Amino acid sequence: AASDRMLVLYSDLYLIRLWTVYELAFFLSRHDISRMTVVPVYHAVFVIMFFIFITMSNTLEALLEQWGDKTVVMGVVALTISFIASLVARQWHRERVAIDVRLSN
C-alpha cells in the first residue's frame, strides 16, 4: 500500500545518501510537497535540552529549599533557561528555513 504522507527526519546527511534521494524523489513524483513533513534532527536536541534544564531547575530548587527566600535565584535560573531556549529555538528555525529552501530548489 502506498503512503499518502511522508515524514522526513532531516539531517545534513539525508540528501547525500542515494536511497534517501530516491525515496524523496519517488514520493514527490506522486504527491504534492504539502503531503511531506520535514523535521530536523536538531529538534530532538531542543527537546533533550528542555528536559535537562527542567531537571536542573528542579534540582536547584530542592537544594535551595533549605534556604529561606529562593525567589531571586529561581528567577535568575528561569531567565537563563529562557535565554538558552530562545537561542536553540532560533537555530532550529534557521535550519527549518534552510531545509525549506533546499527542498524547494
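Structural notes, computed from the coordinates. (Residues numbered from 1 in each chain as written. Predicted model: local features only at pLDDT ≥ 70, side-chain atom pairs only at ≥ 80, totals over all residues. Heavy atoms only, no water.)

Observations regarding the environment of Ile-84
Heads up, the condition is: Secondary structure follows DSSP: runs of H or I at least 4 residues long count as helices, runs of E at least 2 residues long count as strands, and numbering of each begins at the N terminus. Residue contacts are defined here by distance: any two heavy atoms, one from each residue, within 4.5 Å place the two residues in contact.
Assignment of secondary structure puts Ile-84 in helix 3 (residues 71–104). Considering only alpha carbons, one finds Ile-84 and Phe-53, 31 residues apart in sequence, at a separation of 9.4 Å. Aside from chain neighbours lying at most four places away, what touches Ile-84 is Met-49 and Phe-53.

Some remarks on helix 1 (residues 18–30)
Rules: Here, expected helix span is obtained from the residue count minus one, scaled by 1.5 Å. Throughout, exposure labels follow a simple rule: accessible area from a 1.4 Å probe, protein chains only, divided by the maximum for the residue type, with under 20% read as buried, over 50% as exposed, and the rest as partly exposed. This arc is built from the directions going out from the helix axis to the C-beta atoms.
Taking 1.5 Å per residue, 13 residues should reach 18 Å; helix 1 reaches 19 Å between its end C-alpha atoms and fits that length. Among all positions in helix 1, only Thr-20, Leu-24 and Phe-27 are buried. Across the axial projection of helix 1, the buried residues extend over an arc of 70 degrees, all falling on one side. When the buried face of helix 1 is taken as reference, the exposed residues oriented beyond 90 degrees from it are Leu-18, Trp-19, Tyr-22, Ser-29 and Arg-30. Residues of helix 1 that are buried sit in contact with strand 1 (6–10), strand 2 (36–40) and helix 3.

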